[in-house]
Amino acid sequence: LSVCSRTVEPLEYYRRFLKENCRPDGRELGEFRTTTVNIGKCLCGIIIMGSITTADGSALVKLGNTTVICGVKAELAAPAADSASKGYIVPNVELPSLCAERFRSGPPGEEAQAASQFIADVIENSQMIVKEDLCIASGKLAWVLYCDIICLDYDGNLLDASVFALLAALKNVQLPSVTINEETGLSEVNLKQKNPLNIRKHPVATSFAVFDDTLLIVDPTAEEEDLATGTVTIVTDEEGRLCSVHKPGGSPLTGAKLQDCISRAITRHKEVKKLIDKVIKSITPK
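Please read all numbers here as calculations on a predicted model, not as lab measurements. (Residues numbered from 1 in each chain as written. Predicted model: local features only at pLDDT ≥ 70, side-chain atom pairs only at ≥ 80, totals over all residues. Heavy atoms only, no water.)

Peer 1: Would you explain helix α4 (residues 110-126) in this entry?
Peer 2: Side chains of residues three or four places apart in an α-helix project in the same direction, reflecting 3.6 residues per turn. Relative to the 24 Å expected for 17 residues at 1.5 Å per residue, α4 spans 24 Å between its end C-alpha atoms, a close match to the ideal helical length. Looking at α4, one finds that the buried residues are A112, A115, S116, F118, I119, V122, I123 and S126. Taken end-on, α4 shows its buried residues confined to a sector of 160 degrees, consistent with a single buried face. Taken together, the buried residues of α4 touch β4 (88-94), β6 (141-153), α5 (158-171), β9 (204-211), β11 (230-236) and β12 (242-246). Immediately beyond the C-terminal end of α4, within one or two residues, lies Q127, with a positive phi of roughly 60 degrees. (Helix = DSSP H or I, 4+ residues; strand = E, 2+ residues; numbered from the N terminus. Expected span 1.5 Å × (residues − 1). Buried < 20%, exposed > 50% of the residue type's maximum accessible area, 1.4 Å probe, protein only. Arc of directions from axis to C-beta. Contact = heavy atoms within 4.5 Å.)

Peer 1: Just checking my understanding: could you explain a nonpolar patch on the surface for this structure?
Peer 2: A cluster of nonpolar side chains, L76, V189 and L191, forms an exposed patch at the surface whose accessible area comes to about 260 Å². Residue position: L191 is located in strand β8 (residues 187-196). (Patch = residues over 30% accessible without salt bridge, like charges linked within 9 Å, V, L, I, M, F, W, Y side chains within 5 Å. Areas by Shrake-Rupley, 256 points an atom, 1.4 Å probe, with all protein chains shown as cover. Salt bridge = Lys/Arg side-chain N within 4 Å of Asp/Glu carboxyl O.)

Peer 1: Before we go on, may I ask you to explain the sheet that holds strand β10 (residues 215-218) in this structure?
Peer 2: Pairing between sheet strands relies on hydrogen bonds along the backbone, with the strands arranged either parallel or antiparallel. Across the sheet, which stays open at both edges, the four strands sit in the order β10-β9-β11-β12 with antiparallel pairing between neighbours. At either margin of the open sheet sits one strand with a lone partner, and together these are β10 and β12. On average, adjacent strands in this sheet sit at an angle of 25 degrees to one another, irrespective of strand direction. Relative to β12, β11 is paired through four bridges, and the arrangement is antiparallel. For T236, the partnering residue across the bridge sits in β12 and is L242. The strands that α5 touches are β9, β11 and β12; relative to β9, the one it contacts most, it runs at about 175 degrees. (Pairing = 2+ DSSP bridges. Axes fitted to C-alpha atoms, helices over the stretch in contact; angles between N-to-C directions.)

Peer 1: Is there a simple way to explain the pattern of salt bridges in this structure?
Peer 2: Two side chains carrying opposite charge are able to pair once their charged atoms lie near each other. As enumerated under the stated definition, the model contains 17 salt bridges in all. For E271, the salt bridge goes to R268, with nearest N and O atoms at 3.4 Å. Taken together, the residues E271 and R268, both in helix α7 (residues 255-283) and three residues apart, mark about one turn of the helix. One connected set of salt bridges, linked through shared partners, spans R23, D25, R27, R33, D155, D219 and E224.

In structure tokens:
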């Protein structure tokens, strides 16, 4: 298969591989790219726009060439009047021009906005963090978690990498103990006493590309996403519960195909959870 045919007729080029149940990068249709995660202290040698040194929790995830970093910054604020006993979680996905030629500098583009909304929906639907857990004093004080997810290198499957990086970064967060002085009404922060976030669920995203309306491949590259007739992302938790199905248009899936995706997503969840637990254990003081 010549390089020329890949340039001139990329879809036909891919179809020749798909007929043999493999892909141009050597993977089988159901095979994920090599996945790595670095958390917190493992990032101390990496300087990313100064964000990691000031973050309360951070993680870097690589999914093949796709590289995403997440920094979580915690701040104190008054709860909203209609949610007096709730804190806030504010996710933001950035796709800077440095990560791929397709992105431009300036305000967030449509893809970045859609990814930010997807992450917000995953947080809400999975109940990974219950917002009441972020409240310090009802109607007076609560934590705000700003979760900045920055893509450093884009080669497809942004959503899987982003959810993984978010989860890993949140598991790395340690918040100081905060109380309100009853006499003065002011908050008092004890930096010597820190506690981890209460992560109630561990959502993991698994994305598929659909080729020719019927063929499913996991963990698509940017090229595969462009050639696909549709994509779907399944989010599950550790109990095998379906948290979210994200399908932005494209070719429809039969019930059987969707069930196949969910089954594969549950298997993938176990792999990712095992990986994140291993890394967390390696940086936890003995």
